[in-house]
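Examining the three-dimensional arrangement
Here's the letter readout for the chains.
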Amino acid sequence: MAETKPRVSIENVVASASVDQALDLNEVLEKFPGAEYNPEQFPGLVFRLDDPRTATLIFRTGKMVCTGAKSEEMSVKAVRTVVRRLRRRKIRIKNDAVVVIQNMVAAINLGGKIHLERAARVLPRSMYEPEQFPGLIHRMLDPKTVMLLFASGKMVCTGAKREIDVHRSVHTLHAMLEEKGLMTYGDGGVSG
């Protein structure tokens, strides 16, 4: 058995934040001409950062949504950087932003092939309809995540709120696939 350790890569972290006060988005746009704000099309202002490479949507209510970060820490850093830059340009913000991770998306490579047809019959809370979507959708209860499995051995984990939950989901599902003989590795042998 040529089992390999799964490679996990966090691709996107979505965090919500709030400074708990109203903001004048036209004033923000005036002081940050590089920001994008077109209220007729979308009520939020888009504030992009190069480091960390993220986009933060800022709403007049003081709520924010940060996307594009590759870790929890990067997400928090991005929101704090946005607030600090706003303050530097004399936009009054009384409170520091409270940041809450809403969702993480991770790409995983298990290093072997997954037998999706058999997995669909064996794994609980799974759905596989290849004519509609090429992957098997598996809903995990603990941690509460959704795993998309592909025959290539690649997976996507979504719904986690902490990186440790991504790793727990991957480890648990990989162990289950191994235990039930649903993986094939490079030598063509089935695990288990």
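Residues numbered from 1 in each chain as written. Predicted model: local features only at pLDDT ≥ 70, side-chain atom pairs only at ≥ 80, totals over all residues. Heavy atoms only, no water.

**Considering the sheet that holds strand β7 (residues 126–127)**
Here we have 9 strands laid out as an open sheet, ordered β2-β3-β4-β1-β5-β10-β9-β8-β7, and antiparallel in their pairing. Across the chains shown, the open sheet's two edge strands, defined by having one partner strand only, are β2 (45–50) and β7. As paired elements, β2 and strand β3 (residues 53–58) share 6 bridges and run antiparallel to each other. By the bridge assignment for β3, Val46 is matched with Leu57. (Pairing = 2+ DSSP bridges. Helix = DSSP H or I, 4+ residues; strand = E, 2+ residues; numbered from the N terminus.)

**Comments concerning the nonpolar core**
The biggest cluster of nonpolar side chains holds 28 residues, and the ones touching the most others in it are Ile114, Met147, Leu149, Met155, Val166, Leu173 and Leu177. Mapped by element, the contributors of at least two residues to this core are β1 (7–18), β5 (98–109), α3 (116–122), β8 (136–140), β9 (145–149), β10 (154–160) and α4 (163–179). Ranked by residues supplied to this core, first place goes to α4 with 5 residues. Formed by 22 residues, the second largest nonpolar core is a distinct cluster that contains Phe47, Val79, Ile91 and Ala97. (Core = buried A, V, L, I, M, F, W, Y, C linked by side-chain atoms within 4.5 Å. Buried < 20%, exposed > 50% of the residue type's maximum accessible area, 1.4 Å probe, protein only.)

**A few points about a positive patch on the surface**
A surface patch of like charges, here positive, comprises Lys77, Arg84, Arg85, Arg88 and Arg89. Among the secondary structure elements, Arg89 is positioned in the loop between α2 (72–88) and β5. Judged by its relative accessible area of 42%, Arg89 is partly exposed. (Patch = residues over 30% accessible without salt bridge, like charges linked within 9 Å, V, L, I, M, F, W, Y side chains within 5 Å. Areas by Shrake-Rupley, 256 points an atom, 1.4 Å probe, with all protein chains shown as cover. Salt bridge = Lys/Arg side-chain N within 4 Å of Asp/Glu carboxyl O. Lys, Arg positive; Asp, Glu negative; His and termini not counted. Charge placed at Lys NZ, Arg CZ, Asp CG, Glu CD.)

Scope: geometric values only; no functional claims are made or implied.
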